[in-house]
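Coordinate inspection notes
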Amino acid sequence: MNNRENAFEMVEHLEEEGYMLGRVVTEQKGAFMVMTKTEDRLSKISGKLRFQTVKREDLPAVGDWILLSEEGAIIEKVLPRTSKFSRKKAGEEAEEQIIATNIDTVFILSSLNDDLNSKRMERYVLLCWESGANPVIVLTKSDTCEDIEEKKREVERALLGVKVLAISAVNHEGIEELHPYLEKGKTVALVGSSGVGKSTLVNLLVGDDVQKTKQIRESDDKGRHTTTHRELFLLDSGASIIDTPGMREIQIWQGQEGLSTQYNDIEELALQCRFTDCRHEDEPGCKVRTAIQEGTLSEERFAHYLKLQREIAYMERKGNKRLESLERKKWKNIGKQRKLK
């Protein structure tokens, strides 16, 4: 059984009579490269699917399982997703950008150099918890770092409960620790800034130079974008990996559930406060302030929690307004169609 057959064996039950099962490998300019059990096919969405679309998330994205017409050129239906990793699209408008779907794990890559930033990694973690997938921090280029264990502990302290691994794609150190996440039928997405080694890791796991790579600038440890689009690759094990372009900004699209997961310690304390509407400032019986005073909770961690909470609430308000606008446009178009009949 080849890697393509391995990948499809776990989802054959999704196929429906009269249709062909496929998975979106990449999207470019409105066309989709779709992997089927036998080959890859360039496909477009059907007119019916496009007409039924209210928002971007209704359209296919990389990682989606879809149903094709028997000819294999038209996408008729996007099957229900088990997970969806999204961020806010760059710009002022509150619009979702789907990075990958139907993923089990997200490898959040950050290189062990001067650009190691736990606050940035935390934003990826929140998006990951919100997506329904599990986050794993992968610290790359361990061959260039002398204090690996201290850097790992630093990240572990900042991101409580998140698995942290250190690897080197150059000398293959730590790669075996990734294998449990890359078993048959599993899908892993790789995210992180430019130059952290996503494409290098993809090439190593696939066993071929499927992605171009560039060296980071020695002057400031910053990378240049190499991957220009999201793309899914199959491994011999029957697992799939999705490579993504480096992200310059990580704006949280939705994240209340992710925030509750990552800051469970603070929310547990808040539930024990004397007053249910406690603002955690100077109210009597506030367990959050008590924990800060006793040193079991840092003021910095609590302040960052509040900052993220405000940002998420703001984005959700903007997103709700946009959805209301899109819904009005949808029914307006339907009304026009009825008048024309």
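Here the structure is a predicted model, which means the values were calculated and not measured. (Residues numbered from 1 in each chain as written. Predicted model: local features only at pLDDT ≥ 70, side-chain atom pairs only at ≥ 80, totals over all residues. Heavy atoms only, no water.)

1. So, unusual backbone geometry
Most peptide bonds take the trans configuration, and most residues that are not glycine carry a negative phi. Condition: Runs of E in the DSSP output that reach at least two residues are strands. Runs of H or I that reach at least four are helices, and both are numbered from the N terminus. Buried, partly exposed and exposed residues are distinguished by accessible area as a fraction of the type maximum, computed with a 1.4 Å probe on protein chains only: under 20%, between the cut-offs, and over 50%, respectively.
The phi angle at Asn 102 is positive, at roughly 55 degrees, despite the residue not being glycine. With respect to the helices and strands, the residue Asn 102 is situated in the loop between β7 (96-101) and β8 (105-111). For Asn 102, a relative accessible area of 6% puts it in the buried group. Residues other than glycine seldom take positive phi values, yet His 280 does so here, at roughly 60 degrees. Structurally, the position occupied by His 280 is in the loop between α7 (264-271) and α8 (287-294).

2. Brief notes about the packing of aromatic side chains
Operational definition: Note on aromatic pairs: the rings of Phe, Tyr and Trp (six-membered ring only in Trp) are paired at centre separations within 6.5 Å, and the planes decide the class, stacked below 30 degrees, edge-to-face beyond 60, tilted for the rest.
Enumeration over the complete set of coordinates arrives at four aromatic pairs. Look at Phe 302 and Tyr 305: their rings are 6.3 Å apart centre to centre, the planes differ by 25 degrees, and that puts the pair in the stacked class. Of this pair, Phe 302 and Tyr 305 both sit in helix α9 (residues 299-340), three residues apart, which is roughly one turn of the helix. In this structure Phe 302 comes out as buried when scored by relative accessible area, which is 2%. By the ring-pair criterion, three or more aromatic residues cluster together here, those being Tyr 263, Phe 302 and Tyr 305.

3. Side note on helix α3 (residues 118-131)
Note the threshold: One less than the residue count of a helix, multiplied by 1.5 Å, gives the span that helix is expected to have. Any pair of nitrogen or oxygen atoms within 3.5 Å is treated as a polar contact; in protein, a donor-acceptor pairing is required on top of that, and neighbouring residues in sequence qualify only through side-chain atoms on both sides.
For α3, with 14 residues, the first-to-last C-alpha span of 20 Å sits near the 20 Å given by 1.5 Å per residue. What α3 keeps buried is the set Met 121, Glu 122, Arg 123, Tyr 124, Val 125, Leu 126, Leu 127, Cys 128 and Ser 131. Capping of α3 at its N-terminal end is provided by Asn 117; its side-chain oxygen lies 3.0 Å from the backbone amide nitrogen of Lys 119. Looking one or two places after α3, you find Gly 132, whose phi comes out positive at around 100 degrees.

4. Notes on the environment of Lys 141
By secondary structure assignment, the location of Lys 141 is in the loop between β9 (134-140) and α4 (148-158). Take Lys 141: its relative accessible area is 24%, and that puts it in the partly exposed class. C-alpha of Lys 141 to C-alpha of Asn 171: the two residues are 30 residues apart in sequence and 9.3 Å apart in space.

5. Thoughts on the pairing of strand β4 (residues 65-68)
Worth spelling out the cut-off: For two strands to be treated as a pair, DSSP must find no fewer than two bridges joining them.
Side-chain alternation along β4 places Trp 65 and Leu 67 on one buried face and Ile 66 and Leu 68 on a second face that is also buried. As paired elements, strand β1 (residues 20-28) and β4 share four bridges and run antiparallel to each other. In the strand pairing of β4, Met 20 is matched with Leu 68. Taken together, the three bridges between β4 and strand β5 (residues 74-78) define a ladder with antiparallel strand orientation. Within β5, the position partnered with Ile 66 by the bridge is Val 78. Where β4 folds back on β5, the antiparallel hairpin that results is connected by five residues, among which Gly 72 adopts a positive phi of roughly 85 degrees.

6. Digging into the nonpolar core
Stated precisely, the cut-off is as follows: The set of buried Ala, Val, Leu, Ile, Met, Phe, Trp, Tyr and Cys residues whose side-chain atoms join them within 4.5 Å is what this entry labels a nonpolar core. Note on definitions: a residue-residue contact is assigned when non-hydrogen atoms from the two residues lie within 4.5 Å.
One finds Phe 85, Ile 137 and Leu 139 to be the most contacted residues of the largest nonpolar core, which totals 49 residues. With five residues, α3 is the single largest residue contributor to this core. Discounting residues that sit within four places of it in the chain, Leu 139 has contacts with Ser 110, Leu 112, Leu 116, Met 121, Lys 151, Lys 152, Val 155, Val 164, Leu 165, Ala 166 and Ile 167. Leu 109, Leu 178, Leu 182 and Leu 190 belong to the second largest nonpolar core, which has 19 residues in total.

7. Quick look at the state of the cysteines
The criterion, for reference: The disulfide criterion used throughout: a pair of cysteine sulfur atoms within 2.5 Å.
Using the criterion set out here, one finds zero disulfides in the structure. We note that Cys 273 lacks a disulfide partner, and the nearest cysteine sulfur, in Cys 286, lies 4.0 Å from it. Here Cys 286 is not cross-linked by a disulfide; its sulfur's nearest cysteine counterpart is in Cys 278, at 3.7 Å.

8. Examining the pattern of salt bridges
Defined as follows: The working definition used for a salt bridge is a side-chain nitrogen of Lys or Arg within 4 Å of a carboxyl oxygen of Asp or Glu.
Summed over all chains, the structure comprises 14 salt bridges. Put simply, Asp 265 and Arg 301 hold a salt bridge, and the shortest N to O gap is 3.1 Å. Here Arg 301 lies in helix α9 and Asp 265 lies in helix α7, a separation of 36 residues in the sequence. Ionic pairing is found between Glu 281 and Arg 279, a salt bridge with its closest N-O pair at 3.9 Å. For Arg 279, a relative accessible area of 56% translates into the label exposed. Through salt bridges that share partners, Glu 150, Arg 153 and Arg 157 make up one connected network.

9. Details of the side chain of Thr 105
For Thr 105, the location among the structural elements is in strand β8. If we ignore the near neighbours within four places in the chain, the residues touching Thr 105 are Ala 133, Asn 134, Val 136, Tyr 181, Thr 187, Val 188 and Ala 189.

10. A short note on the packing of α7 against α8
The condition is simple: Note on definitions: angles span 0 to 180 degrees between N-to-C directions of axes, and those axes are lines fitted to C-alpha atoms, for helices only across the stretch in contact. Orientation labels follow simple angle bins: below 35 degrees gives roughly parallel, above 145 gives roughly antiparallel, 65 to 115 gives roughly perpendicular, and whatever is left gives oblique. The residue classification treats Ala, Val, Leu, Ile, Met, Phe, Trp, Tyr, Cys and Pro as nonpolar and Asp, Glu, Lys and Arg as charged. All others, Gly included, are polar.
Between α7 and α8, the shortest axis-to-axis distance is 7 Å and the interhelical angle comes to 125 degrees. With respect to each other, α7 and α8 are oriented oblique. For the pair α7 and α8, contact is made by Ile 266, Leu 269 and Ala 270 and by Lys 287, Val 288 and Ala 291, respectively. Split into classes, the residues belonging to the contact of α7 with α8 amount to five nonpolar, no polar and one charged.

Nothing here speaks to function; it is geometry throughout.
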